[in-house]
Amino acid sequence: MPGKITMINVLWMVMITGMLTATVALYDQKVDTSKVYGPYASARTAVLGQY
């Protein structure tokens, strides 16, 4: 049976690998501009702030 430090290192590596994989998978998605109605979300707060 491996030691506690080895198990912690393996768990850490698995978690970091999973987060990196999720980051790459989510960052790779492209927004279809034909489905976006109205201004972008960054512009909406400025428009709502005027009222």
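Residues numbered from 1 in each chain as written. Predicted model: local features only at pLDDT ≥ 70, side-chain atom pairs only at ≥ 80, totals over all residues. Heavy atoms only, no water.

Draft legend 1. A look at the overall build of the chain. Looking only at helices and strands, the chain has two helices and zero strands in total. Counting every position in the chain, which comprises 51 residues, the buried fraction comes to 0%. As displayed, the chain offers around 5200 Å² of accessible surface, 71% of which is attributable to carbon and sulfur atoms. (Helix = DSSP H or I, 4+ residues; strand = E, 2+ residues; numbered from the N terminus. Buried < 20%, exposed > 50% of the residue type's maximum accessible area, 1.4 Å probe, protein only. Areas by Shrake-Rupley, 256 points an atom, 1.4 Å probe, with all protein chains shown as cover.)

Draft legend 2. Main features of the UniProt feature "transmembrane region" (unreviewed entry) in the chain. In the numbering adopted here, UniProt assigns the feature "transmembrane region" (unreviewed entry) to residues 6-27. As annotated, residues 6-27 has a helix share of 100% and a strand share of 0%, and its two end C-alpha atoms lie 31 Å apart. (UniProt positions renumbered as here; feature names shortened; annotations may be inferred.)

Draft legend 3. Fine view of a nonpolar patch on the surface. Together, Leu 11, Met 15 and Met 19 line one region of the surface with nonpolar side chains, adding up to about 310 Å² of accessible area. Here Leu 11 lies in helix α1 (residues 4-27). (Patch = residues over 30% accessible without salt bridge, like charges linked within 9 Å, V, L, I, M, F, W, Y side chains within 5 Å. Salt bridge = Lys/Arg side-chain N within 4 Å of Asp/Glu carboxyl O.)

Draft legend 4. Spatial organisation of α1. An ideal rise of 1.5 Å per residue puts 34 Å on 24 residues; α1 measures up with 34 Å between its terminal C-alpha atoms. Of all 24 residues that make up α1, zero are buried, and the element is exposed over most of its length. (Expected span 1.5 Å × (residues − 1).)

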